[in-house]
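# Tertiary structure, described
Residue strings, one per chain:
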Amino acid sequence: MAKKVLPGVHPSNAKNTTHLAPVRMATPAQVVIPMSQHIGAPCQPVVNIGDSVKVGQLIGEATGRVAAPIHASVSGKVTAVDKITLPSGNISVTVTIAADGEQTPYEGITPPTVTDYDSFIEAVRASGAVGLGGAGFPTSIKLCPPDLSAVDTLVVNGAECEPYITSDYQIMMHHSEYVLAGIAAVRKYLELSRVEMGVEEHNSDIIAHYKNLTADDPAFTVHTLKCLYPKGAEKVLIYETLGRVVEEGKLPFDVGCIVMNVGTLAFIGSYLATGMPLVEKVVTVDGSAIREPKTLIVPVGTKAGDIAAAAGGYKAELGKIISGGPMMGIALKSEDMPLLKSNNALLFLDVEEATPPPTTSCIRCGRCVRVCPVYLMPLNLERAYNLGLVDELEKLKVNLCIECGCCSYICPTRRPLVATHRLSKQLLRESKK
Ligand code: SF4
Ligand code: SF4
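Anyway, here's the lowdown on the structure attached to this text. (Residues numbered from 1 in each chain as written. Chains lettered and ligands numbered in written order. Predicted model: local features only at pLDDT ≥ 70, side-chain atom pairs only at ≥ 80, totals over all residues. Heavy atoms only, no water.)

Take the overall build of the chain next. Within the chain, the secondary structure is distributed over 14 helices and 17 strands. Whereas a compact globule of 433 residues would reach a radius of gyration of roughly 22 Å, the chain reaches 21 Å, a difference of no more than 12%. A principal-axis box enclosing the C-alpha atoms of the chain has dimensions of 60 × 50 × 45 Å. Counting the 433 residues in the chain, one finds 52% classified as buried. The contacts in the chain between residues at least 6 apart in sequence include a share of 73% that link residues at least 24 apart. Of the roughly 18,800 Å² of accessible surface on the chain, 53% is carried by carbon and sulfur atoms. (Helix = DSSP H or I, 4+ residues; strand = E, 2+ residues; numbered from the N terminus. Rg over C-alpha atoms; globule rule 2.2 N^0.38 Å. Buried < 20%, exposed > 50% of the residue type's maximum accessible area, 1.4 Å probe, protein only. Contact = heavy atoms within 4.5 Å. Areas by Shrake-Rupley, 256 points an atom, 1.4 Å probe, with all protein chains shown as cover.)

Right, here's the structure in full:
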């Protein structure tokens, strides 16, 4: 039976930086590096105020199993070990480094010796890799499913479906050697028999490029995905490429696959070749307030204000900074917030664009239902939350919501649906404690 195309929306693409190849920004005067940049246990700082550090040197040790170590992104001197409230609301220890502008690499940087699955996982852990598509899940853990023998497929996420963001496009276009090296390593050491790569149809140049590069490999398929947000959502992508359905409470490995973002794979490819840990990111810098939209290579820990300055500063009064895309991104509370490993875009919106539209009552038009990619009833979820009906929220399966924002986007009365779904999940969690 032919697969259905899952519902979604067509937000304005606004990919203004597609033809702007990545350029390295000038080293900022200072970086502030949080010790908690991933899902899981925070890292413990292993440097003190006054210590000199070099690029790639370990500054935060991963003590928990679900964690990824953190490395200096600039060379210079540690000037503070402090605390910060992250956009997620979590409080994290930070290490501040005053850059010396030399960007001297740490002497201990050498390509890792990888001979088998265990040494590969150890190398990925030591690299500091986390999911670079925005999730921030430690990659070494993702590569250790409970039953590896039941996993046969690597799903490569090249569906950069959020408006504005082009960082994955740039990586796929300009660093295909690293993308393919990362794919080859995951495939070899996890003994996966298939690779399914999904790319949206508007990136026809990328599709042609990868089809050409993998033409001799019958187990590597490049899928052309419809331009319909959110094709890059994990469960949606698995369905669109493999036709497998990840049910409620299940994870990709339950249906025999591992999903990895192209940025993460390219980083793994680069780390295996150079040994340089995850210390910088390709970042889309755009939005109505920014003077010169750019694709920048940015040291982790660079403040949002310094990144804006590297893109020509502001052409209009700044209303809001969003880390990520307009559909799923998180607002930053100030220009002092540092770039995290998982950030792939910063959007600087002017006051007009940042002002939420007025909301009115639901008119029961059903549009939110029609666009939900996981077939939920967003209007009923909102009603259940407003009435505090916890059992109803469970029955309506709010935990299946992938927080894609399609329902909020399409709603003609501008109901804050996705924000309510997040609160509903929290309510459900608390009620179960
Ligand atoms: S789209 Fe908005 S107005 Fe229409 S049913 Fe959903 S919540 Fe109500
Ligand atoms: S209910 Fe959740 S999954 Fe469905 S459209 Fe809204 S945000 Fe997306």
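Following the structure, the description resumes.
A word on the site of ligand 1. Residues in close proximity to ligand 1 include Cys-362, Ile-363, Arg-364, Cys-365, Gly-366, Cys-368, Leu-379, Cys-411, Pro-412, Thr-413, Arg-415 and Leu-417, which together make up its full environment. Of the residues belonging to the shell around ligand 1, the class tally is eight nonpolar, two polar and two charged. (Near = heavy atom within 4 Å. Nonpolar A, V, L, I, M, F, W, Y, C, P; charged D, E, K, R; others polar.)

With that out of the way, let us pick up the sheet that holds strand E4 (residues 52–53). The sheet built from four strands is open, its strands ordered E2-E8-E7-E4 with antiparallel pairing. Looking at the sheet topology across the chains shown, the edges are occupied by strand E2 (30–34) and E4. The pairing of E2 with strand E8 (residues 91–99) spans five bridges and is antiparallel. From the neighbouring strand, Pro-34 faces E8, where its bridge partner is Thr-94. (Pairing = 2+ DSSP bridges.)

Further remarks concern the site of ligand 2. Lining the immediate environment of ligand 2, one finds 13 residues, of which Cys-372, Cys-401, Cys-404, Gly-405 and Cys-407 sit closest. Those elements giving two or more residues to the shell around ligand 2 turn out to be helix H13 (406–410) and helix H14 (417–432). When grouped by side-chain class, the residues that make up the shell around ligand 2 number ten nonpolar, two polar and one charged.

Before going further, it helps to examine the packing of helix H3 (residues 167–174) against helix H5 (residues 204–213). Contact geometry of H3 with H5 gives a least axis separation of 10 Å together with a crossing angle of 35°. Considering the relative orientation of H3 and H5, their crossing is left-handed. Contact with H3, carried on its side by Tyr-169, Ile-171, Met-172 and Met-173, involves Asp-205, Ile-206, His-209 and Tyr-210 of H5 and no other residues of that element. Here the residues of the contact of H3 with H5 are counted per class, giving six nonpolar, one polar and one charged. (Axes fitted to C-alpha atoms, helices over the stretch in contact; angles between N-to-C directions. Left-handed = near helix turned anticlockwise from the far one by under 90°.)

Before going further, it helps to examine H14. For H14, with 16 residues, the first-to-last C-alpha span of 23 Å sits near the 22 Å given by 1.5 Å per residue. Among all positions in H14, only Leu-417, Val-418, Thr-420, His-421, Ser-424, Lys-425 and Leu-428 are buried. Each buried residue of H14 lies within a common arc of 150° when the element is viewed along its axis, so the set occupies one face. Along its buried surface, H14 packs onto helix H10 (367–371), helix H11 (378–386), helix H12 (390–395) and H13. (Expected span 1.5 Å × (residues − 1). Arc of directions from axis to C-beta.)

With that settled, the discussion passes to the environment of Lys-211. For Lys-211, the location among the structural elements is in helix H5. You can call Lys-211 partly exposed: its relative accessible area is 44%. Through-space distance from the C-alpha of Lys-211 to that of His-223 is 9.3 Å; in sequence the pair is twelve residues apart. Leaving out residues up to four positions away in the same chain, Lys-211 has contacts with Val-222 and Thr-224.

For the rest of this paragraph, the subject is the sheet that holds strand E12 (residues 257–261). Read across the sheet, four strands follow the order E11-E10-E9-E12 without closing on themselves; strand pairing throughout is parallel. Each end of this open sheet is capped by a strand with a single partner; those strands are strand E11 (220–225) and E12. Going across the sheet, the axis of each strand differs from the next one's by a mean of 20°, ignoring polarity.

The biggest cluster of nonpolar side chains holds 42 residues, and the ones touching the most others in it are Phe-120, Leu-143, Leu-154 and Val-186. In terms of residue count, the dominant contributor to this core is helix H7 (residues 262–274) (six residues). For this core, the domains that each give at least three residues are domain 1 (23–109 + 277–353) and domain 2 (117–274). Counting 20 residues, the second largest nonpolar core, distinct from the first, contains Met-25, Ile-84, Leu-332 and Leu-339. (Core = buried A, V, L, I, M, F, W, Y, C linked by side-chain atoms within 4.5 Å. Domains from an automatic or database assignment.)

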